[in-house]
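Now for the letters of each chain:
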Amino acid sequence: MIELDDIDRALIRALTDDATKSAGALGRDVGLSQPATWRRIKRLTEQGVLAGRRLDLDREALGFGVTVFLGVKLATKGRVSLEDFERAVSAIPEVQTVEHVLGLYDYRLRVVARDLADFERVLRRRVMTLPGVGNVEANVLLSEERRPGPI
């Protein structure tokens, strides 16, 4: 585990809010100079705390108004390898995340679609035809609130 001080935590929170800010702007937010901020960001990156930067897209503005979480239980784990399923499901562009989980289902998928009819097409033609798929449960996302976490 990596030791983080209050400034590191403040810097991580500021980057979580807006990862596009310059080191100078971030430094002003946390009370550091631009070079000191840059050194901290570099150290946090080298230590693996910061593992990249992502763009947060507005899926609805791009025409993907439906998000569905699918719980997928594989029919026969012995006959189809987990890697085969993961490789096949990862090739479906509408599948945003693939999570191997412990519990009622083997996998949790986040799927985006233009509307419910489009989701049904993805489900029937792509997901249900994957190797080893058994039971599937769908939960349609109604709203989402993102929390910053414990940092």
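Residues numbered from 1 in each chain as written. Predicted model: local features only at pLDDT ≥ 70, side-chain atom pairs only at ≥ 80, totals over all residues. Heavy atoms only, no water.

1. Let's talk about the pairing of strand β2 (residues 95–100)
In the case of a regular strand, side chains alternate between the two sheet surfaces. By the bridge criterion, 5 bridges tie β2 to strand β3 (residues 107–113) in an arrangement that is antiparallel. Looking at the pairing, Val 95 lines up with Val 111 of β3. In sequence, β2 turns back onto β3 through a hairpin of 6 residues, with Gly 103 there showing a positive phi of about 145 degrees. (Pairing = 2+ DSSP bridges. Helix = DSSP H or I, 4+ residues; strand = E, 2+ residues; numbered from the N terminus.)

2. Here we look at the pattern of salt bridges
On inspection of all chains with the given rule, the structure shows 12 salt bridges. Among the salt bridges present, the one from Arg 40 reaches Asp 5, with a minimum N-O distance of 3.0 Å. Within this pair, whereas Arg 40 is found in helix α3 (residues 34–46), its partner Asp 5 is found in the segment before α1 (6–17), the two being separated by 35 residues in sequence. According to the relative accessible area criterion, Arg 40 is buried, its value standing at 18%. (Salt bridge = Lys/Arg side-chain N within 4 Å of Asp/Glu carboxyl O. Buried < 20%, exposed > 50% of the residue type's maximum accessible area, 1.4 Å probe, protein only.)

Read these as geometric descriptors, not functional statements.
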